[in-house]
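Tertiary structure, described
Chain residues, written in single-letter form:
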Amino acid sequence: MYDVIASLASGLLVGAIYGLAAIGLTLIFGVMKVINLTHGAMIALGMFALYFLVSVAGFNPYLSLLPILAGGFVVGVMVYWIAVNRVIGSSDLMSLLATFAVNMILIGAGTALWTTSPYNVNFSLPGISWHGYTIPGTQILAAILAIIIAAALYGFLYHTRTGKAVRAVASNRQAAELMGIPTRRILAIAFGLGIAVASASGALIATLFPFTILSGGSYELKSFVVTVLGGLGNPAGALLGGILLGLIEGGVAPFVDVSWTPVIEFTLFVLILLAFPSGLFRIGKGR
Amino acid sequence: MNEILKVSGVGKRFGGVRAVHQVSFHIGEGEIYGLIGPNGAGKTTLFNLINGVIRPDEGRVEFRGQDITGMQPYRVVRLGLSRTHQIVKPLNDMTVLENVTVGACFGASNLSLKAAHSVAYDVLKLVDLNDRSEHLAGELNIAGKKRLEIARAVAAQPGLLLLDETLAGLNPTEVGRMIEVIRRLRDERGIAILMIEHLMQAIMGLSDRVMVLNFGEMLAEGSPEEIANDEVVIEAYLGDPDLTHKILEMST
Amino acid sequence: MYKRPFFWIVLAVTAIFALVPGISGDVSLRESLLLGAVYIVLASNLNLMIGYTGYVNFGNIAFFGLGGYLGMYMVTVLHWPLWLASLIAGACVSLLALLLGLGILRLRGAYFALATIGIVEAVKALVANLPAFGGASGMYLSFSSFAPLGGPRHALWIVYFAIVALMGVSLLLSLAIKNSKFGLGLFAIREDEDAAIVLGVRAPWYKSAIYAISAFIPAMVGTLYFFKNGVILPDQAFDLTLSIEAIVMLMLGGQGTVFGAAFGAFVYEQFRGFLLVSPTFSQFQLVVAGVLLLAIVLFLPGGFTGWLYRRLPKLRKVLE
């Protein structure tokens, strides 16, 4: 009984990070209608970035989030200009393939450089103990930071000029262009933000669990599940969806072997899409 | 005259907005029926409700006596009801001939590819696109695309054709040609036509009867002359009564 | 069909694939061409989904892998003859695809693609957890399984000819569909699904049908391929990389044409073979494939065939 509750609590906390990751995916889709298939690779890069900053260079893991966010933004903007910009007007197929191609390049390079061995960032924080079960302090802090980053993003989108421009482009790109907003640059910024958030979530996950270059893939699947839970293009929904997914995982974990996770998540994914094509949560304006 | 289309009390809400409310009318075989009204009046939504793209919340749609309310569009076409779109939807990477062949193949008669090709050629001649049959649809200019849109719908061999603003964006010569095509569709092929148009000279000149839609509701229905003289219509939509009469005179 | 020049080209190529190694007895050539034939089957069936219908099936390898597993099960556990196992595997996977399609084909564009990515991972996890399929350690063939085919050496040749024959069938099937009413409907769906529906194309049925069709031959080839290998493991059978490479092959050759799929598959297979042997590049297989895909998407979306058609328009009618 207590194990289930502890599992749920853990799930809730980790779910906040899932939510943050999914925000990255849903932001990009909301602004430019592109499904970013580099998402998983970027999460993985965030994980490795944290590893190198902490275990090799010795920085504080949580302060490392700042350069990782900045670095992720820069990488995102670069990827946008190199791979995505040209296919913005084309069919869905082309943008899918373009981002997927970048994903292949990143994963391929990552595998060549770091192999598929697990890496681990070794540190821990005192946690909360309860009836014999411990919630690690790292999970609590990671969840808090995930929410802070999400809140910061929200603040940016709703309380800065550039943020408003991003929302304008998301709402109606042609109209935004007619009003003088440099849409291409805004798209690049939006893409950069999506990647920044994805890599930050990867870094946070790295503070909790060991990882390999291929771990990004399973978190990418989770992000897809979360975005359809929350509705593609809906950041607030993504956060809630993430927490919901975390709770589901937490609730199921004591009873089912972890290798069944992809099957469960995939089934969930398809079922939700079939039942609710616009997502479960329609907070604010749905799409 | 036999009734080909009967719409009874049809309505649709989108969230809090009543896009179409209690619309009822009927069209006879071979009749040209005009649908006018300000932008946002619900005209295209009404089309979508008739051919099954959207399911009505209330009311019935009957085609040749058969209830087709909410029926899938691909079944509606088989029964003999075709439509064009306000924003044309050419199948861009396919040739003009292939586009029209699709219309012929999957339309009212279950034609083989070969039979469909000859129907397609025939229709392309009607809209004057037969010299461009091997061009890719995406390469045509807007007038060409509009003609292609009509050709595709006609190739399905419909009894009733729904035309959604086929004249918008065309220059006067093209408009004149298109009006001729529409007239021939009814005169030579007996196709009934329900057309949405903003161009007064076209609608008033072509239509046997006209319906005015405003805020999703029927404002008036009658002959072009009756509509032109209707005070409520003039106030809501037409504007200057004298000008309307002049246009009416010019087009008959 | 017989009037189409490409029909004869397909027959000729199939004959070459069969006769050249067959007559010379060159085993390494046979192995190289076998892989090429497998890739051609994968790419040309994937073409039915991507090139004809416009639905990106990232999970195309699932059909191949499932066919391999089902076939292996039928041969090793049920002791059925290989030809029967292959056919039944094809039918079963096709049926499964039909059922699966009922669910996921309602999803449009990107959603569908995402669902298919999940399929491979989910099926792999499912198979790896089933004891009947040997779990994570897979299944393997004992030598006795080769006996009905006249012993291992003979069996390998038979399997080779069978795969080449299936390659020919695949290509001819693609050709037939391309020039049929069914194909016309698929192309219409690809261009604009909503417009196609309004024009009378029964999109849901067409999509389900082509999805199921595109599963059949890859599943059959899967049975034969893993039988030849003598062993099947989850990671090999559901190799997501190969699934992706099938897409690269298709885009490289030019999606939407039968020639494009076959040409892209063959060229890529040769190129990949070269990469894997070269010490510098073998590590970077995925990177190279990714760069290639990106380059094609950005600069030459019609692939080689698109480029060829622009240079020599007369070839449109010949190299379909």
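Below or above, wherever it landed, is the structure these notes cover. The shown structure was predicted, so the numbers you read here are calculated from the model rather than taken from an experiment.

1. Overview of the pattern of salt bridges
The final tally for this structure, using the stated rule, is 26 salt bridges over all chains. Between Lys228 of chain C and Glu31 of chain C there is a salt bridge, with the nearest N and O atoms lying 2.9 Å from each other. Of the two residues, Lys228 of chain C is situated in helix α9 (residues 203–229) and Glu31 of chain C in helix α2 (residues 27–53); the sequence distance between them amounts to 197 residues. On the basis of relative accessible area, Lys228 of chain C is assigned to the buried category, the value being 15%. With a closest N to O distance of 3.2 Å, Glu245 of chain C and Arg272 of chain C form a salt bridge. Placement of the pair is Glu245 of chain C in helix α11 (residues 240–253) and Arg272 of chain C in helix α12 (residues 258–277), with a sequence separation of 27 residues. With respect to class, Glu245 of chain C is no different from Arg272 of chain C; both count as buried. Several salt bridges converge on common partners, so that one network encompasses Lys222, Glu249 and Glu265 of chain A.

2. Points about the packing of aromatic side chains
Scanning all chains against the criterion turns up 36 aromatic pairs over all chains. Judged by centre distance (6.0 Å) and plane angle (5°), the rings of Tyr69 of chain C and Phe238 of chain C are stacked. Pair noted here: Tyr69 of chain C is in helix α3 (residues 61–76) and Phe238 of chain C is in the loop between α10 (234–237) and α11, with a separation of 169 residues, a long-range link. Each member of the pair, Tyr69 of chain C as well as Phe238 of chain C, carries the same accessibility label: buried. Both rings, one in Phe112 of chain C and one in Tyr211 of chain C, keep their centres 6.1 Å apart while their planes meet at 75°; by these two values the pair is edge-to-face. Placement of the pair is Phe112 of chain C in helix α5 (residues 109–129) and Tyr211 of chain C in helix α9, with a sequence separation of 99 residues. When sorted by exposure, Phe112 of chain C lands in the same class as Tyr211 of chain C, which is buried. An aromatic cluster of three or more residues is present, and its members are Phe48, Tyr51, Phe52, Trp114, Tyr119 and Phe211 of chain A.

3. Some points on the interface of chain C and chain A
Where the parts come together, the accessible area they lose is often given as the size of the interface. On the side of chain A, 34 residues touch chain C, which itself brings 39 residues to the contact. Between chain C and chain A, a total of about 3,200 Å² is buried, with carbon and sulfur atoms accounting for 85% of that surface. Among the residues chain C hides against chain A, the three largest losses belong to Tyr111, Leu114 and Leu298 of chain C. Together they make up 19% of the total. Counting the contacts that link chain C with chain A gives zero salt bridges. Put simply, the parts of the chain that give the side of chain C that touches chain A at least two residues each are α4 (82–104), α5, α11 and α13 (285–299) of chain C. No other element matches α5 of chain C, which puts 14 residues into the side of chain C that touches chain A. Residue composition of the side of chain C that touches chain A, by class: 30 nonpolar, seven polar and two charged.

4. Let's talk about the packing of helix α4 (residues 113–126) of chain B against helix α5 (residues 142–155) of chain B
All names here are of chain B. With their axes 9 Å apart at the nearest point, α4 and α5 run at an angle of 140° to one another. As far as their axial angle goes, α5 and α4 are oblique. Judged by the sense of rotation from one axis to the other, the crossing of α4 with α5 is right-handed. From α4, Val119, Val123 and Leu126 reach across to α5, where they touch Ala151, Val154 and Ala155. Residue composition of the contact of α4 with α5, grouped by class: six nonpolar, no polar and no charged.

5. Quick notes on the packing of helix α2 (residues 39–56) of chain A against helix α9 (residues 215–230) of chain A
Residues and elements named next belong to chain A. The geometry of α2 relative to α9 is characterised by a closest axis approach of 7 Å and an angle of 125° between their N-to-C directions. Taken together, α2 and α9 sit at an angle that is classed as oblique. When you trace α2 past α9, the crossing you get is right-handed. Residue-level inspection shows His39, Gly40, Ala41, Ile43, Ala44 and Met47 of α2 in contact with α9, the latter providing Ser215, Gly216, Tyr219, Glu220 and Ser223.

6. Some details on the pairing of strand β1 (residues 3–14) of chain B
Residues and elements named next belong to chain B. Pairing analysis gives eight bridges linking β1 to strand β2 (residues 17–28), with the strands arranged antiparallel. Across the sheet, the residue bridging to Phe14 is Val17, located in β2. Counting the residues in the hairpin turn of β1 and β2 gives two residues, including Gly15, whose phi is positive at 65°. The pairing of β1 with strand β4 (residues 58–63) spans five bridges and is classified as antiparallel. From the neighbouring strand, Lys6 faces β4, where its bridge partner is Glu62.

Cut-offs and rules
Residues numbered from 1 in each chain as written. Chains lettered and ligands numbered in written order. Predicted model: local features only at pLDDT ≥ 70, side-chain atom pairs only at ≥ 80, totals over all residues. Heavy atoms only, no water. Salt bridge = Lys/Arg side-chain N within 4 Å of Asp/Glu carboxyl O. Helix = DSSP H or I, 4+ residues; strand = E, 2+ residues; numbered from the N terminus. Buried < 20%, exposed > 50% of the residue type's maximum accessible area, 1.4 Å probe, protein only. Phe/Tyr/Trp six-rings, centres within 6.5 Å; stacked < 30°, edge-to-face > 60°. Contact = heavy atoms within 4.5 Å. Buried area = accessible area lost by both parts, 1.4 Å probe. Nonpolar A, V, L, I, M, F, W, Y, C, P; charged D, E, K, R; others polar. Axes fitted to C-alpha atoms, helices over the stretch in contact; angles between N-to-C directions. Parallel < 35°, antiparallel > 145°, perpendicular 65-115°, else oblique. Left-handed = near helix turned anticlockwise from the far one by under 90°. Pairing = 2+ DSSP bridges.

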